[in-house]
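Chain residues, written in single-letter form:
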Amino acid sequence: QVQLVESGGGLVQPGGSLRLSCAASGFTLDYYDIGWFRQVPGKEREGVLCRKSGDGSTYYADSVKGRFTISGDSTKNTVYLQMNSLKPEDTAVYYCAAYRRRSIVTTIQAMCARFSWDYWGQGTQVTVSS
């Protein structure tokens, strides 16, 4: 079946690190834009980090620049969100998403600000607390 399965969430102390995984089945992630989003109850979903397929251009939200990075393993059809120097305000449910690009004109920043992506993971809870 076509789906994204997330894992790696959990409880971590401030300043700690965590790596989230997003494994795809039924399609190949190499050909899709990848987005990582997060959401806190009562607040709107926020685009955290999004990578454009092809050239790999990446957009980072200001709040995570220098702390979060994206990587992938094509042999496993999996992408990762490496989160370092975590802060309590990073606490949220994190979602990965995939989008088959229709236009080369649309910027990855614009995609990271919208939510009409093709596929979504189920979400994984990240809690940063002492």
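Before reading further, recall that the structure is shown in the block above.
This text gives an overview of the structure that appears in the document.

What counts, and where the lines are drawn
Residues numbered from 1 in each chain as written. Predicted model: local features only at pLDDT ≥ 70, side-chain atom pairs only at ≥ 80, totals over all residues. Heavy atoms only, no water. Pairing = 2+ DSSP bridges. Helix = DSSP H or I, 4+ residues; strand = E, 2+ residues; numbered from the N terminus. Axes fitted to C-alpha atoms, helices over the stretch in contact; angles between N-to-C directions. Core = buried A, V, L, I, M, F, W, Y, C linked by side-chain atoms within 4.5 Å. Buried < 20%, exposed > 50% of the residue type's maximum accessible area, 1.4 Å probe, protein only. Disulfide = S-S within 2.5 Å. Polar contact = N/O pair within 3.5 Å; in protein donor to acceptor, adjacent residues only side chain to side chain. Contact = heavy atoms within 4.5 Å. Salt bridge = Lys/Arg side-chain N within 4 Å of Asp/Glu carboxyl O.

1. Examining the sheet that holds strand 3 (residues 18-25)
Across the sheet, four strands lie side by side as 1-3-8-7; this open sheet has antiparallel pairing. Edge positions in the sheet fall to strand 1 (3-7) and strand 7 (68-73), since each of these pairs with one other strand and no more. Recorded for the sheet is a direction-independent mean angle of 20° between the axes of neighbouring strands. Looking at chain direction, strand 7 and strand 8 (residues 78-83) are connected through six bridges and run antiparallel. Within strand 8, the residue paired with Gly72 across the bridge is Val79.

2. Considering the nonpolar core
By size, the foremost hydrophobic cluster in this structure holds 27 residues, and its most contacted members are Trp36, Phe68, Met83 and Tyr94. For this core, the secondary structure elements donating two or more residues are strand 3, strand 4 (33-39), strand 5 (46-51), strand 7, strand 8, strand 9 (92-99) and strand 11 (124-128). One finds Phe37, Tyr99, Met111 and Trp117 within the second-largest nonpolar core, a separate group that totals eight residues.

3. Examining the state of the cysteines
Within this structure, the stated rule accounts for two disulfides. There is a disulfide in this structure between Cys50 and Cys112, and the S-S distance comes to 2.0 Å. Judged by the sign of its S-S torsion, about 75°, the bond between Cys50 and Cys112 is right-handed. With Cys50 in strand 5 and Cys112 in helix 1 (residues 108-112), this residue pair connects regions lying 62 residues apart in the sequence. Taken individually, Cys50 and Cys112 each receive the classification buried, so the pair is uniform in this respect. By sequence-ordered numbering of the bonded cysteines, the protein chain has its disulfides arranged as 1-3, 2-4.

4. Overview of the side chain of Arg101
As for its placement among the helices and strands, Arg101 is situated in the loop between strand 9 and helix 1. Residue Arg101 is classed as buried on the basis of its relative accessible area of 15%. A polar contact of 2.4 Å, which involves the side chain of Arg101, links it to the backbone oxygen of Thr106. Among all residues touching Arg101, those that are not within four sequence positions of it are Asp33, Lys52, Ser53, Thr106, Thr107, Ile108 and Met111.

5. Re the pattern of salt bridges
Going through the model one piece at a time under the given rule, you end up with six salt bridges. The shortest N-O distance in the salt bridge between Arg101 and Asp33 comes to 2.7 Å. Note that Arg101 is positioned in the loop between strand 9 and helix 1 and Asp33 in strand 4, a separation of 68 residues in sequence. No difference in accessibility class separates Arg101 from Asp33, as the two residues are buried. In this structure, the salt-bridge partner of Asp118 is Arg102, at a minimum N-O distance of 2.9 Å. A residue pair is termed long-range when its members are at least 10 positions apart, and Asp118 in the loop between helix 1 and strand 10 (119-120) and Arg102 in the loop between strand 9 and helix 1 qualify at 16 residues. A relative accessible area of 57% places Arg102 in the exposed class.

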